[in-house]
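Structure at a glance
Now for the letters of each chain:
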Amino acid sequence: MRTTTSSPPDDVTGGAAAARTPAGGGSRGGHPHSRAACLPGDPRAAAAARQFVRAVFTEWAAERLPGSQDLTDRLADEAVLLVSELVTNAVVHAGTAVELRCRLEPPAGPDPYAIPAPAGDPDPYPYPHPGPDPGDAAAPERAGVVVEVSDHHPARPVRAREEAPAPDGGGHGLQLISAVAESWGITYRRAMKTVWFRLSADARPEPDGVYDNQLLQRGLRAAELLAPTPRRAVRQTSEGDWVHRGALSFLAEASDLLSGQLDADQVASLAAQLAVPRLADWCAVWLCDGDGGAPGRGIEADGEAQRLARVWHSSESRIDSLRVALEKDPPPVSGGDTGLSSTPVAVRWPWPPEPGGYGPGGASLACPLVAGGRRLGTLLLGRAGLLRFPDEVVGLVEDLCRRVARAMATARAYSRQERISQVLQRRLLPRGRAQVPGVASAVVYEPREGAWAGGDFWDLFDAGDGRWCFALGDVCGSGPEAAAVTGLARPVLRLLARDGFGVADVLDRLNKTMAREAADSVAAVAAAVAAAGAGAEAPVEIRDEGEQARFLSLLYGEIVPYHGGSGGARCTLASAGHPLPLVLGADGAVRVAAAPQMLLGVVEDAAYVSESFDLCAGETLLCVTDGVTERRSGRRLFDDEDGLATALAACRGLGATAVAEHIRSTVHAFAPTPPDDDLALLVLQAAGAAEGGSGADPSGPPLP
């Protein structure tokens, strides 16, 4: 039963008056049935309140007060529990000192200790005391304990409804009281709020093995309130749900790891380590190289041969023995009746039982690796001690193998593209550079990061009649389209030079060829645009941007060594839209060796002229592409304020190879990021007179 009353006139009333009136303190004049205490408004209050209540119960029992014989340990525990909750709430919500009063009510009848209040003696708790009204037929006939908890600052509204959630950090005070106490109530005064409750004592002992249903329900309700409430409802999951959740996590991890692999053997190795020991005791991966094998492997018809790429066992000491056994008995390539299906199938256990070996056998599962309608390999799993793999594991293995197959297909495509690019690069670049008598040479060629063939190219070849020709070119743009122009320009240069054409004539003819190609492209686009504007069908197909004609910057020259072993050579060259060549003198001075001219392929009627000079003994000729001069660091370029000439001047006294390496390292160190363009440079250095015509640095492959 809950009651809520108010005190005199200007007090705040919290609720409607009920049948039973609560009271404030104990009896007047030091009533022996009543005990009171004032507790501090801090975290120590709850512990002090519990200690106080137990001490009061012990004192009443020692004094043998009327009704104390009915006080049981259970009643004391309930009183301690409720007092602890109420005091905690009062401290948390009000933050003031707490007044605690306990009063023992004997069974119904006159109170032998009742003392009338003297005239003029004010009641310290001038509001009605809890207890039965005289005319209340429901007045308790059993002894009981009334406990009152008062605070002096009711700062928050009282939450008495069971469905109202308790605030964070608060307790279950009022809900717990309603579940345990016989009756309870709240009294509001001007500066005080009192919560009281009454616990009834039961003098009748319960027989052993007999439980009071009402008492049991009351205890269960209290336990439910005191049980910790989870922050979120915990969904009951079956074993299958947990398997499914773990499978999703495993497959997500596998996809993440496999997606970054661009080598088929690495994919096979990673797949084996993902499967062991999570899914199996051991795993083996066979690959069908076909036409997608790594560079250098034999190319075989797809599906005709398999190679054992990876074997993994949970016990590393058994890997070699397992490999030997599996190489003798590889899984079938055709897959039987499954064709190109990726469904795993059970296969014979590959190891015979051996005493002290690998145990009595187990279950084996072969899963074809199929992607894009092609069989890429087979993944074989084994787990000892099983008759068959569970269906959940078979499904998980199938999902894993699909991911492995897709990663394998990606790696094969990457390897195929890499091999094509490497073959193209070998065809675009000379296999070596010719040795020029009395002249040392060095080359640096680096395609931009991520590219195997680009628009920069170089050449140094014997043109006959005592002439050696060199070229350093750069096609506008980069990538395969630029490489296609390179594949045209270099053979044409060699053909014209060996036919006896001079430097200027070679540039004239190459320019006309490229200009006509560009004109044909422009005419085709113009015709297509005009036809589209007139509503007619375009006579030619408009080319994509990557297929448009490209311009070419070229530094081309020929060098004729001096006879007689005096050192040096006669050099003739021309620069068509290319960074100008520099000459480093023996005294450390740097000079420009050519004048700028028009790009090749821009104007068909452009006339090119060549310039000749003597490359004296000890002098160095440096030719570079714009990947060197336009190397960027923020807003600065490498060749700003004659940066290239400054770097070359620092190479005084170095040989051709050392000069090339110094320029390369200086360019790379200019910015913290890798170069974003192809980088090429050619160094020609005339030998000194003492070296005669022996030729300085021997020829060899370009520097890395």
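Note that the coordinates shown come from a computational prediction; the quantities given were computed from them, not determined experimentally.

Turning our attention to the overall build of the chain. Helices and strands together make up the secondary structure of the chain, namely 13 helices and 24 strands. Looking at the 704 residues of the chain, the share that counts as buried comes to 44%. Across the chain, the fraction of contacts at a sequence separation of at least 24, relative to all contacts at a separation of at least 6, is 72%. Total accessible area computed for the chain in this model is approximately 35,000 Å², and 54% of it derives from carbon and sulfur atoms.

Spatially, the five strands line up as an open sheet ordered S12-S24-S21-S17-S18, and their pairing is antiparallel. Sheet topology places strand S12 (439–446) and strand S18 (590–592) at the edges, where each strand pairs with a single neighbour. For this sheet the average axis-to-axis angle between neighbouring strands, irrespective of direction, equals 20°. One ladder, built from three bridges, connects strand S17 (residues 582–584) with S18; its direction is antiparallel. Along S18, the bridge assignment pairs Leu-584 with Val-590. The strands that helix H13 (residues 656–669) touches are S12, strand S21 (620–624) and strand S24 (679–686); relative to S12, the one it contacts most, it runs at about 25°.

Secondary-structure assignment places Glu-78 in helix H2 (residues 73–93). At 2.7 Å, the side chain of Glu-78 and the side chain of Arg-74 are in polar contact.

Let's shift gears to unusual backbone geometry. Of note, the bond from Val-276 into Pro-277 is cis; its omega dihedral lies within 30 degrees of zero at 5°. Within the element layout of this structure, Pro-277 appears in the loop between helix H6 (264–275) and strand S7 (282–287). The phi dihedral of Arg-64 is positive, around 55°, even though this residue is not glycine. Its place among the elements puts Arg-64 in the loop between helix H1 (45–63) and H2. On the accessibility criterion, Arg-64 (73% relative accessible area) is exposed.

Where H6 meets helix H8 (residues 391–428), the axes come as close as 9 Å, and the angle between the chain directions of the two elements is 165°. Put simply, H6 runs roughly antiparallel to H8. The handedness of the crossing between H6 and H8 comes out as right-handed. Residues Ala-264, Val-267, Ala-268, Ala-271 and Leu-274 of H6 touch H8, and the partners they reach there are Leu-400, Val-404, Ala-407, Met-408 and Ala-411. Across the contact of H6 with H8, the residue classes break down as ten nonpolar, no polar and no charged.

Residues Phe-470, Leu-552, Leu-554, Tyr-556, Leu-600 and Leu-621 are the most contacted members of the largest nonpolar core, which totals 51 residues. Counting residues in hydrophobic clusters, the runner-up holds 50 residues, among them Ala-271, Val-285, Leu-322 and Leu-376.

Turning to the environment of Leu-380, a few remarks are in order. With respect to the helices and strands, Leu-380 occurs in strand S11 (residues 374–384). On the basis of relative accessibility, which here comes to 5%, the residue Leu-380 falls in the buried class. Residues Leu-380 and Ala-280, spaced 100 residues apart in sequence, show a C-alpha to C-alpha distance of 9.7 Å. If we skip the residues at most four places from it in the chain, Leu-380 touches Trp-282, Cys-283, Ala-284, Trp-286, Leu-326, Val-347, Leu-365 and Ala-366.

Once that is clear, we can look at the environment of Trp-196. Turning to its location among the elements, Trp-196 is positioned in strand S6 (residues 193–200). Accessibility expressed as a relative area gives 1% for Trp-196, which makes it buried. Along the primary structure Trp-196 and Ile-186 are separated by ten residues, whereas in three dimensions their C-alpha atoms are 6.4 Å apart.

Moving on, we come to H6. For H6, spanning twelve residues, the distance from its first C-alpha to its last is 17 Å, which sits close to the expected 16 Å at 1.5 Å a residue. With respect to burial, H6 is a largely interior element, nine of its twelve residues being buried. Those residues of H6 lying buried are Ala-264, Val-267, Ala-268, Ser-269, Leu-270, Ala-271, Ala-272, Leu-274 and Ala-275. With a side-chain oxygen positioned 3.1 Å from the backbone nitrogen of Asp-265, the residue opening H6 is Asp-263.

Analysis parameters
- Residues numbered from 1 in each chain as written.
- Predicted model: local features only at pLDDT ≥ 70, side-chain atom pairs only at ≥ 80, totals over all residues.
- Heavy atoms only, no water.
- Helix = DSSP H or I, 4+ residues; strand = E, 2+ residues; numbered from the N terminus.
- Buried < 20%, exposed > 50% of the residue type's maximum accessible area, 1.4 Å probe, protein only.
- Contact = heavy atoms within 4.5 Å.
- Areas by Shrake-Rupley, 256 points an atom, 1.4 Å probe, with all protein chains shown as cover.
- Pairing = 2+ DSSP bridges.
- Axes fitted to C-alpha atoms, helices over the stretch in contact; angles between N-to-C directions.
- Polar contact = N/O pair within 3.5 Å; in protein donor to acceptor, adjacent residues only side chain to side chain.
- Parallel < 35°, antiparallel > 145°, perpendicular 65-115°, else oblique.
- Left-handed = near helix turned anticlockwise from the far one by under 90°.
- Nonpolar A, V, L, I, M, F, W, Y, C, P; charged D, E, K, R; others polar.
- Core = buried A, V, L, I, M, F, W, Y, C linked by side-chain atoms within 4.5 Å.
- Expected span 1.5 Å × (residues − 1).

Nothing here speaks to function; it is geometry throughout.
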